[in-house]
Amino acid sequence: MGFVELQMTWQPSLLNEKRKKGPPLGLRNLGNSCYLNSVLQCLTYTPPLVDFCLRSQHSFFCDASASKKPRDCPFCILEARITHSLTLDLILDAPSKIQSCLKIFVEHFRFGRQEDAHEFLRYVIDACHNTCLRLKKLRRMGSEGVGGGERVNGNTAVKNIFGGALQSQVKCLGCGGESNKVDEIMDISLDILNSSSLKEAMHKFFQPEILDGNNKYNWEKCKKLVAARKQLSIRQAPNILVIQLKRFEGIFGGKIDRLITFEEVLVLSSFMSKASQDPQPEYKLFGTIVHSGHSPESGHYYAYIKDPMGRWYCCNDSSISLSTLQEVLSEKVYILFFYRTNQRPGSFSTTFSSNGVKPCDSNGSEASKILKAVQLKPVQTKSCVEQSSQKDKVGKMCSSPRMKFNISENLVQKNFLLRVMEKLTSIKLRTSLWMECHNSFVQRLYRSI
């Protein structure tokens, strides 16, 4: 059994011929669901996420359907939606499952009500990330005993795809001392009130700020309020960079509806921190979301995506039309999606399974741990994920290294193991001796396949 590496570029061999040669799948509007459709179209054409979902690298490990009380898993729902969009031999479909399970992603969203596309995107990504963390915790508890073991780290495939890190440095202008703090992010939100381009907004976001007068900094080393310089920089650039332009934070709460120019290529080298081991990250545009209207509670959302063949399409609910890069660049965009054209440095590389768990050894020594974890009473997935304030500059979601996955390519072996897992989860383990016997049996069984 070999490792399957999470790919940051398109893998055409996984795609349906209809999606290779034809347009994206249209999505019906189920009642003010244009915000949802637009986000789904962009996620469906996010290369590393697509690769992850088409290989079923989450659902293969997920315990949601195998537990005594089957429940809907947010990541399984998203995986199925992306898979359907790229494999169905149709031109139109409805995202009914996600719409009916909306509260699993965002508790306060209501069916039939217009919602904010960026807020929905954040909740979807956070829900998938938290699901991976829950599964990781279950397996750690299963391998080390309930309540035991070390604290589970936050590395997941979701973080590997969308995660990055910003560094906030404060330098005392008196003694010259420095204080550095690193915050994990999953996107960047830019003020555009006084900017006319993405490049200008980025420069203002990362430009130094002098803390003086009534805004002096409480410096511990000097033990007093001091004048200081504060500056943000990028410590770790994400593989997929999502940028929100704050169009709904204008004066008196109105929308900033003017054109903010942007380019297809984005280079972040001038914004990187000195401590970063990734000095020259470069990105290319592959998706945008546009809002037409005057407020987030009204109007209409539609998306532009770049397919695996390099063609641009406008995805306006059920209407899909061929577009051009020039048309994309002329729109008053709300959210931009970029993918890296150069891979993150190898120093970030670590090997994990789909949910951040160390992969199984080829001799099957981890098989008993996986089965043992499934026997635990599942932890219910939270229906609402903590959301940062719209006024925050950045969202909380940390980065992680490139991941590799140990997935059997033999479906017979996979299905057989799953049946064994289902049988074992229905048995109550009454003694530690029986536990040891069953683990030993599973190890021998796994080696024999």
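Predicted, not measured: the structure shown is a model, and the values here were computed from it. (Residues numbered from 1 in each chain as written. Predicted model: local features only at pLDDT ≥ 70, side-chain atom pairs only at ≥ 80, totals over all residues. Heavy atoms only, no water.)

Student: I tried to follow the nonpolar core on my own but got confused; where do I start?
Tutor: Here is a general trend for soluble globular proteins: nonpolar side chains tend to be buried in one another's company. The biggest cluster of nonpolar side chains holds 61 residues, and the ones touching the most others in it are F75, F120, F162 and I289. Apart from the residues lying within four places of it in its own chain, the contact partners of F75 are L49, F52, C53, H58, C128, T131, C132 and V158. Counting residues in hydrophobic clusters, the runner-up holds 35 residues, among them L190, F205, I256 and V290. (Core = buried A, V, L, I, M, F, W, Y, C linked by side-chain atoms within 4.5 Å. Buried < 20%, exposed > 50% of the residue type's maximum accessible area, 1.4 Å probe, protein only. Contact = heavy atoms within 4.5 Å.)

Student: Mind showing me how you'd approach the sheet that holds strand β4 (residues 164–172) here?
Tutor: Spatial ordering of the open sheet is given by β5-β4-β10-β7, a layout of four strands whose pairing is antiparallel. Looking at which strands have only one partner, the edges of the open sheet turn out to be β5 (178–185) and β7 (209–211). The sheet shows a mean angle of 30° between the axes of neighbouring strands, direction not considered. Helix α9 (residues 198–206) rests against β4 and β10 (228–236) of the sheet, and its axis sits at about 120° to β10. (Pairing = 2+ DSSP bridges. Helix = DSSP H or I, 4+ residues; strand = E, 2+ residues; numbered from the N terminus. Axes fitted to C-alpha atoms, helices over the stretch in contact; angles between N-to-C directions.)

Student: Would you explain the confidence of the model for the protein in this entry?
Tutor: Close inspection of predicted coordinates is inappropriate for parts of the model with low pLDDT. Mean pLDDT over the protein: 77, with 71% of residues reaching 70 or higher. Below pLDDT 50 for its whole length, residues 347–449 participates in 226 contacts with residues either more than four positions away or in separate chains. (pLDDT = per-residue confidence, 0-100.)

Student: Looking at this model, I keep getting lost on the pairing of strand β16 (residues 319–323). Mind explaining?
Tutor: Working note: regular strand, side chains alternate between the two faces of the sheet. Note that strand β15 (residues 312–316) and β16 share five bridges and pair antiparallel. Bridge assignment links N316 to a residue of β16, and that residue is S319.

Student: Explanation requested: unusual backbone geometry in the structure shown.
Tutor: For residues other than glycine, phi is negative in most cases, and the peptide bonds are mostly trans. Of note in this structure, S56 is not a glycine but carries a positive phi near 55°. When you line up the elements, S56 lands in the loop between α3 (47–54) and α4 (74–87). Phi is positive for D317, which is not a glycine, with a value near 55°. Relative to the assigned elements, D317 resides in the loop between β15 and β16.

Student: Even after reading the chapter, I still don't get the pattern of salt bridges, so can you show me in this structure?
Tutor: Any two side chains of opposite charge can pair, given that their charged atoms come close. Per the counting criterion, the structure on display carries 13 salt bridges. Residue D257 is joined to K332 by a salt bridge in which the shortest nitrogen-to-oxygen separation is 3.8 Å. Of the two residues, D257 is situated in the loop between β11 (240–245) and β12 (265–267) and K332 in the loop between α10 (325–329) and β17 (333–340); the sequence distance between them amounts to 75 residues. In this structure, the salt-bridge partner of R311 is D307, at a minimum N-O distance of 2.8 Å. According to the relative accessible area criterion, D307 is buried, its value standing at 3%. Because the salt bridges share partners, they merge into one network encompassing K255, D257 and K332. (Salt bridge = Lys/Arg side-chain N within 4 Å of Asp/Glu carboxyl O.)

Student: Teacher, can you tell me more about the packing of α3 against α4 here?
Tutor: The packing of two helices is summarised by the inter-axis angle and the distance between the axes. Where α3 meets α4, the axes come as close as 9 Å, and the angle between the chain directions of the two elements is 100°. Our classification of the angle between α3 and α4 gives roughly perpendicular. Here L49, V50, F52, C53 and L54 of α3 lie close against α4, whose contacting residues are F75, E79, I82, T83, L86 and T87. Grouping the amino acids of the contact of α3 with α4 by side-chain chemistry returns eight nonpolar, two polar and one charged. (Parallel < 35°, antiparallel > 145°, perpendicular 65-115°, else oblique. Nonpolar A, V, L, I, M, F, W, Y, C, P; charged D, E, K, R; others polar.)

Student: Explain the packing of helix α2 (residues 34–44) against α4 here, please?
Tutor: Where α2 meets α4, the axes come as close as 10 Å, and the angle between the chain directions of the two elements is 75°. In terms of axis orientation, α2 runs roughly perpendicular to α4. On α4, the residues that touch L40, L43 and T44 of α2 are L78, R81, I82, S85 and L86. Class assignment of the residues belonging to the contact of α2 with α4 gives a composition of five nonpolar, two polar and one charged.

Student: I'm lost on α2 in this one. Help?
Tutor: In terms of burial, α2 is a largely internal element, 11 of the 11 residues being buried. Burial in α2 covers these residues: C34, Y35, L36, N37, S38, V39, L40, Q41, C42, L43 and T44.

Student: In this structure, what is going on with the state of the cysteines? I would like to understand it.
Tutor: Linking two cysteines covalently through their sulfur atoms gives a disulfide. Scanning the entire structure with this criterion turns up zero disulfides. Lacking any disulfide linkage, C53 is separated from the closest cysteine sulfur, that of C128, by 7.8 Å. Left without a disulfide partner, C314 is nearest to the cysteine sulfur of C315, which lies 6.8 Å away. (Disulfide = S-S within 2.5 Å.)

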